[in-house]
Amino acid sequence: MNINEAPFLKELVQTCSNMYRLGWNERNGGNISMRLTVSEVEPYVDVTKTLRRIVLNFDASPLANSLFLVTGTGKYFKNVERNPVHNLGLIRVAEDGASIGILWGFSDGDGPTSELSAHFRSHIVRLSRDKEHRVVMHCHATNLLAMTYVHPLDDRAFTRSLWRASTECIVVFPEGVGVLPWILCGTDEIGRATARKMEDYRLCIWAQHGIFGAGNSLDEAFGLIETAEKAAEVCMKTLNVACLNTISDEQLRLLAESFKADYRKDFLSDAL
Ligand code: 2HA
Ligand code: ZN
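As the structure is a computational prediction, the values presented were derived from the model and not from experiment.

What to know about the site of ligand 1
Next, step 1: As a structural note, the neighbourhood of ligand 1 is formed by Asn-28, Gly-29, Gly-30, Asn-31, Glu-115, His-138, His-140 and His-209.
Next, step 2: Taking Asn-28, its main chain carries an N or O atom lying 3.4 Å from an oxygen atom of ligand 1.
Next, step 3: The separation between an oxygen atom of ligand 1 and a polar side-chain atom of His-138 is 3.3 Å.
Next, step 4: For ligand 1, whose free accessible area comes to 220 Å², the fraction covered by protein is 87%.

A short note on the coordination of the zinc ion (ligand 2)
Next, step 1: In the first shell of the zinc ion (ligand 2), the protein supplies His-138 (NE2), His-140 (NE2) and His-209 (NE2), at 2.0 to 2.1 Å from the metal.
Next, step 2: Each donor residue of the zinc ion (ligand 2) belongs to the same chain, and together they define the spacing H-x1-H-x68-H. Placement of the pair is His-138 in strand S6 (residues 135-139) and His-209 in the loop between strand S8 (203-206) and strand S9 (210-215), with a sequence separation of 71 residues.

A short note on the nonpolar core
Next, step 1: Core analysis: the largest hydrophobic core is formed by 60 residues, its most contacted members being Phe-8, Leu-69 and Leu-162.
Next, step 2: Looking at which element gives the most residues to this core, the answer is helix H10 (residues 218-237), with 9 residues.
Next, step 3: Residues within four places of Leu-69 in sequence aside, it is in contact with Phe-8, Leu-9, Leu-12, Ile-32, Ser-33, Met-34, Leu-36, Leu-88, Gly-89, Leu-90 and Trp-104.
Next, step 4: Phe-68, Ile-91, Ile-100 and Phe-120 belong to the second-largest nonpolar core, a separate cluster that totals 14 residues.

Re unusual backbone geometry
Next, step 1: Despite not being glycine, Phe-106 has its phi angle at roughly 45°, a positive value.
Next, step 2: Following the sequence through the fold, Phe-106 ends up in the loop between strand S5 (99-105) and helix H5 (116-129).
Next, step 3: For Phe-106, a relative accessible area of 1% corresponds to the buried category.

Some points on the environment of Ser-33
Next, step 1: Positionally, Ser-33 belongs in strand S1 (residues 31-36).
Next, step 2: Remark: the alpha-carbon pair of Ser-33 and Val-135, spanning 102 residues in sequence, is separated by 5.9 Å.
Next, step 3: Non-local contacts of Ser-33, meaning those with residues more than four positions away in its chain, are made with Leu-69, Val-70, His-119, His-123, Arg-134, Val-135 and Val-136.
Next, step 4: A distance of 2.7 Å separates the side chain of Ser-33 from the side chain of His-119, its partner in a polar contact.

Focus on helix H1 (residues 7-21)
Next, step 1: Between its terminal C-alpha atoms H1 stretches 21 Å, which fits the 21 Å expected from 15 residues at 1.5 Å a residue.
Next, step 2: Two residues or fewer past H1, Gly-23 is found with a positive phi of approximately 80°.

Re helix H11 (residues 249-258)
Next, step 1: Taken together, the buried positions of H11 are Asp-249, Leu-252, Arg-253, Leu-255 and Ala-256. The buried side chains of H11 occupy one side of the element, clustering within an arc of 160° when seen end-on. Turned more than 90 degrees away from the buried face of H11, the exposed residues are Glu-250, Leu-254 and Glu-257.
Next, step 2: Where the residues of H11 are buried, they touch helix H7 (155-165) and helix H8 (169-172).
Next, step 3: Just downstream of H11 lies Lys-260, where phi reads positive at about 50°.

What counts and how
- Residues numbered from 1 in each chain as written.
- Chains lettered and ligands numbered in written order.
- Predicted model: local features only at pLDDT ≥ 70, side-chain atom pairs only at ≥ 80, totals over all residues.
- Heavy atoms only, no water.
- Near = heavy atom within 4 Å.
- Polar contact = N/O pair within 3.5 Å; in protein donor to acceptor, adjacent residues only side chain to side chain.
- Areas by Shrake-Rupley, 256 points an atom, 1.4 Å probe, with all protein chains shown as cover.
- Donors = N, O, S within 2.8 Å, 3.2 Å for Na, K, Ca; no water.
- Helix = DSSP H or I, 4+ residues; strand = E, 2+ residues; numbered from the N terminus.
- Core = buried A, V, L, I, M, F, W, Y, C linked by side-chain atoms within 4.5 Å.
- Buried < 20%, exposed > 50% of the residue type's maximum accessible area, 1.4 Å probe, protein only.
- Contact = heavy atoms within 4.5 Å.
- Expected span 1.5 Å × (residues − 1).
- Arc of directions from axis to C-beta.

This is the structure:
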């Protein structure tokens with residue numbers, strides 16, 4: 001069967017286009033990786049046939065034999081829909097975790113995203129929390145990025161600002177958001193730092209750069225980012241005006257408890 005008809009490919013392609021149109025993935029900005037099962041892939045691609053092999057600069061052995069659909073290095077989200085085989089690749093982690101095999105895609109000879117360490121290390125952590133985990137997504141969401149220039153880069157403070165900026169937030173990401181200082185991107189160092197945040201959160205902000213989101217589906221990872229981004233837009237719009245109202249900690253607690261959200265208790269003040 002034609003892989004262009006595969007539900008997983010169509011959904012990922014659509015997601016890239018949506019993110020591009022939201023202005024979050026200019027030029028080659030951003031990347032997505034989605035874990036797939038052998039039974040999902042088998043009707044379209046021979047999973048035993050490796051076209052090329054790429055050596056990794058980190059140990060991916062906890063993901064041995066796992067399959068991922070990944071965006072390519074240097075590729076533009078704008079162009080994914082027009083030419084999936086050029087801009088995306090289906091990869092399989094080798095048994096020893098030291099390399100990946102390309103099974104389909106990256107037709108110009110390139111390889112996966114430069115942020116593969118952050119993706120794979122995040123997958124490893126999130127899978128240890130939840131067997132159903134599937135997607136890691138990175139983009140340069142505009143208002144979240146802007147906020148990292150004007151807001152303290154502290155998990156608790158950043159989370160509180162986002163939670164207060166829109167009623168839904170504490171229900172959508174009750175565990176909060178992690179915030180990293182500026183670190184050189186495309187490195188294993190930022191990959192390790194991102195994965196450490198992913199132990200506690202499904203959202204990790206990279207100061208002066210963008211955001212990583214993780215979820216059990218493309219919808220979940222995307223929904224997390226768009227909810228945080230919307231709240232960041234409200235934060236930025238209310239930054240230099242005299243605010244008359246807010247959502248109090250008591251109201252945040254009421255929200256979380258009403259919607260049975262397992263929220264970070266220490267991110268709200270004790271004073272009721
Ligand atoms: O090149 O966004 O972080 C894609 C990126 C790197
Ligand atoms: Zn980036």
